[in-house]
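# Tertiary structure, described
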Amino acid sequence: MITPLIALGKILHCVGLRGGIKILPLTSSPKRFSEIKNCFIGKTNENVSPMRIAKVEHRIKDTLLYFEDFLSRTDAESLVGKLLFVHESESVQLPENEWFVDDIIGCRVFMEEKFIGCVSDVLKHPAQDVWTVRSVVNEEEILIPVAKEIVRSVDIANKIITLNYLEGLVNLKETEE
């Protein structure tokens with residue numbers, strides 16, 4: 001049986017000439033990258049390549065990673081836009097009402113028992129995360145703040161998120177068409 005993978009970061013762009021990459025942490029603690037030596041890189045958790053982290057630099061506003069065998073900017077450019085994964089067994093235990101980003105992406109979202117769309121992205125903000133939901137009606141993005149007043153339930157096993165009705169958050173009349 002293959003061990004499930006958890007996304008810990010997204011590779012944003014190359015930094016410098018020696019293969020450094022800036023990573024957007026998808027974890028609450030960027031210091032977590034210092035604990036990792038072996039990881040996987042890919043667009044999805046189903047198509048990944050094993051990698052070894054050679055060096056981690058924690059800067060004031062960001063984190064840089066250097067991978068073994070990626071010694072130049074040209075080498076590292078092929079990684080941009082991909083995700084960094086670790087085995088689920090190496091991930092941290094999350095507190096109640098917190099979820100891994102890759103568990104949330106793809107979930108079907110319902111409000112008032114009406115299907116409004118699927119989560120396409122998770123935006124990390126200091127106050128709270130914001131889920132980007134692609135509307136089933138017009139393909140527009142709906143931004144859903146992750147707050148207990150809005151999120152009624154999250155069922156990761158069935159990939160279903162249920163929202164409390166909040167006037168103005170989503171136009172439910174459009175979803176009926």
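Scroll up to find the structure this text is about.
Bear in mind that the values here come from a model prediction, so they are computed numbers and not experimental data.

### Observations regarding the sheet that holds strand β4 (residues 48–58)
What the six strands build is a closed barrel, ordered β1-β2-β5-β4-β3-β6; its pairing is antiparallel. If you compare each strand with its neighbour and ignore which way they point, the axes differ by 50° on average. Of the strand pairs in this sheet, strand β3 (residues 38–42) and strand β6 (residues 83–87) are connected by three bridges, and their pairing is antiparallel. Each residue of the ladder has a partner; that of Ile41, found in β6, is Leu84.

### Some words on the nonpolar core
Of all hydrophobic cores here, the largest spans 25 residues; its most connected members are Val109, Val119, Trp131, Ile144, Ile161, Leu163 and Val170. Elements supplying a minimum of two residues to this core: β1 (5–15), β6, α2 (101–104), β7 (108–111), β8 (114–123), β9 (130–135), β10 (141–145) and β12 (160–163). The biggest single contributor to this core is β8, with three residues. Apart from residues lying up to four places away in sequence, Val119 is in contact with Ile104, Ile105, Gly106, Cys107, Val109, Trp131, Thr132, Val133 and Ile161. Ile41, Leu79, Leu84 and Val86 belong to the second largest nonpolar core, which has 18 residues in total.

### Here's the deal with the pairing of β8
Consecutive side chains along a regular strand alternate between the two faces of the sheet. When β7 meets β8, the two strands line up antiparallel, connected through four bridges. Along β8, the bridge assignment pairs Met111 with Lys114. Linking β7 to β8, which pair antiparallel, is a turn of two residues; within it Glu112 sits at a positive phi near 55°. Linking β8 to β9, which pair antiparallel, is a turn of six residues.

### A short note on the pattern of salt bridges
Once their charged atoms are close, side chains differing in charge can pair, the charge on each being opposite to the other. Evaluated as defined, the whole model comprises eight salt bridges. When the shortest N-O distance is used, the salt bridge between Asp62 and Lys22 registers 3.7 Å. Residue Asp62 is found in the loop between β4 and β5 (63–67), and its partner Lys22 is found in strand β2 (residues 20–25); the two are separated by 40 residues along the sequence. A salt bridge links Asp62 to Arg59; its shortest N-O distance comes to 2.8 Å. The class of Arg59 is partly exposed, set by a relative accessible area of 41%. Salt bridges here are not isolated pairs; linked through shared partners, they connect Lys22, Arg59 and Asp62.

### Quick word on the packing of aromatic side chains
What characterises a pair of aromatic rings is the spacing of the ring centres plus the angle enclosed by the ring planes. Going through the model one piece at a time under the given rule, you end up with three aromatic pairs. Taking 5.4 Å as the distance between ring centres and 50° as the angle between the ring planes, the aromatic pair formed by Phe110 and Phe115 counts as tilted. A relative accessible area of 29% places Phe115 in the partly exposed class.

### Structural notes on the layout of surface pockets
A water-sized probe rolled over the atoms picks out the places where empty space is left. The calculated volume of the largest pocket comes to roughly 740 Å³. What lines the largest pocket is a set of 29 residues, and nearest its centre among them are Asn97, Glu98, Trp99, Lys124 and Asp129. Ranked by residue count, the leading element in the lining of the largest pocket is strand β11 (residues 151–155), at four residues. Taken as a whole, the second largest pocket holds about 370 Å³ of empty space. Those elements that place two or more of their residues in the lining of the second largest pocket are β1, β6, α2 and β8. Top element by residues in the lining of the second largest pocket is β8. It accounts for four residues. Taken together, the residues of the lining of the second largest pocket break down into nine nonpolar, four polar and five charged.

### Looking at the environment of Met111
You can see Met111 is positioned in strand β7. The class for Met111 is buried, based on a relative accessible area of 0%. Sequence spacing of Met111 and Glu139 is 28 residues, and the spatial spacing of their C-alpha atoms is 17 Å.

Reading guide: rules and limits
Residues numbered from 1 in each chain as written. Predicted model: local features only at pLDDT ≥ 70, side-chain atom pairs only at ≥ 80, totals over all residues. Heavy atoms only, no water. Pairing = 2+ DSSP bridges. Helix = DSSP H or I, 4+ residues; strand = E, 2+ residues; numbered from the N terminus. Axes fitted to C-alpha atoms, helices over the stretch in contact; angles between N-to-C directions. Core = buried A, V, L, I, M, F, W, Y, C linked by side-chain atoms within 4.5 Å. Buried < 20%, exposed > 50% of the residue type's maximum accessible area, 1.4 Å probe, protein only. Contact = heavy atoms within 4.5 Å. Salt bridge = Lys/Arg side-chain N within 4 Å of Asp/Glu carboxyl O. Phe/Tyr/Trp six-rings, centres within 6.5 Å; stacked < 30°, edge-to-face > 60°. 1 Å grid on protein atoms, 1.4 Å probe; cavity = no way out; pocket = protein on both sides within 12 Å on 5 of 7 lines; lining within 4 Å. Points joined across faces, edges and corners; volume = space filled by probe spheres on them. Nonpolar A, V, L, I, M, F, W, Y, C, P; charged D, E, K, R; others polar.

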